[in-house]
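# Geometric and topological summary
Read off the chains here:
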Amino acid sequence: MRAGVPKAFVPVGGQSLLARALAIFAGHSAVDHLVVVAPQSHLSEAAELSRAAVVPGGATRQASVAAGLAALPADVGFVLVHDVARPFVPAAVIDAVVAALAAGADAVVPVVPIHDTVRAVDADGRLAGVIDRATLAAMQTPQGFRRDVLVRAHQRAGAVVATDDAALVEALGLEVAAVPGDERAFKVTTPLDLAYAETIAGLLSAPHPPVPGGIS
């Protein structure tokens, strides 16, 4: 992002990405506890944003999730793991993830279709065959888990690093369910994404925003 601060603290429309994500989950009826995993250098800034528990993260995303998981109260049965780089996730996506867990899923991820043409590239950078995009999906967050399953997945992983917690659960031999995600839950990764996020934030703050796609 070239922003000079950790991405979670980059401002969008006058609020940091972390503040926006916290507001969404703090205002959701299914969410009882919030744990923020923040860089050691920004623990106080994170604590100022809400009454959520704040714990220092680890050297990897996986270690950070484990730290947040360990900070949850003992009676929490379902866990949602969210990336604050997705500051506009609609409540309906959270609803879908929680509903799938309540229906018996061990793990749940929201997904969206891929619209671009996708091709394989060989080791020399040459284009290979076209991959059928109908068989692909882009994963979003929050990912949802039964707490006991996620704890077991992290314990089993040990030093093995996975790209996300769903992959750790699959390594246990368990199935990960998919629910519909939402294009509004896009990930802020580049300066261009940040410019798009600023536009969305401006529309959301308007008294009666004429927002396409149903953002409200």
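Please read all numbers here as calculations on a predicted model, not as lab measurements.

Attention now moves to the packing of aromatic side chains. A complete count under the given rule lists two aromatic pairs for this structure. Here Phe88 and Phe186 contribute two aromatic rings whose centre-to-centre distance is 6.0 Å and whose plane-to-plane angle is 35°, an arrangement assigned as tilted. Here Phe88, found in the loop between strand S5 (78-81) and helix H4 (91-102), pairs with Phe186, found in the loop between strand S11 (177-180) and helix H7 (191-205); they are 98 residues apart in sequence, far enough to count as distant. For the pair shown, Phe88 and Phe186 are each scored as buried. For the ring pair Phe186 and Tyr196, a centre distance of 4.6 Å and an interplane angle of 40° mean the geometry is tilted. Here Phe186, found in the loop between S11 and H7, pairs with Tyr196, found in helix H7; they are ten residues apart in sequence, far enough to count as distant.

Relative to the assigned elements, Val84 resides in the loop between S5 and H4. Filtering out sequence-adjacent residues up to four positions away, Val84 remains in contact with Ala8, Leu17, Leu18 and Ala21.

Counting 19 residues, the largest nonpolar core has Val79, Val81, Phe145, Leu150, Val169 and Val176 as its most contacted members. Secondary structure elements with two or more residues in this core: helix H3 (61-70), S5, strand S6 (107-113), helix H5 (147-157) and helix H6 (165-171). Filtering out sequence-adjacent residues up to four positions away, Val169 remains in contact with Ala107, Phe145, Val149, Ala153, Leu174 and Val176.

Attention shifts here to helix H1 (residues 17-26). Along H1, seven of the ten residues are buried, which leaves the element largely enclosed by surrounding structure. Turning to H1, its buried residues are Leu17, Leu18, Ala19, Arg20, Ala21, Leu22 and Phe25.

Next up on the list: the pairing of strand S7 (residues 118-121). Of the pairings in the sheet, the one linking S7 to strand S8 (residues 127-131) comprises three bridges and is antiparallel in character. By the bridge assignment for S8, Arg119 is matched with Val130. Taken together, S7 and the strand that follows it, S8, pair antiparallel across an intervening segment of five residues, in which Gly125 is found at a positive phi of about 85°.

Conventions used here
- Residues numbered from 1 in each chain as written.
- Predicted model: local features only at pLDDT ≥ 70, side-chain atom pairs only at ≥ 80, totals over all residues.
- Heavy atoms only, no water.
- Phe/Tyr/Trp six-rings, centres within 6.5 Å; stacked < 30°, edge-to-face > 60°.
- Helix = DSSP H or I, 4+ residues; strand = E, 2+ residues; numbered from the N terminus.
- Buried < 20%, exposed > 50% of the residue type's maximum accessible area, 1.4 Å probe, protein only.
- Contact = heavy atoms within 4.5 Å.
- Core = buried A, V, L, I, M, F, W, Y, C linked by side-chain atoms within 4.5 Å.
- Pairing = 2+ DSSP bridges.

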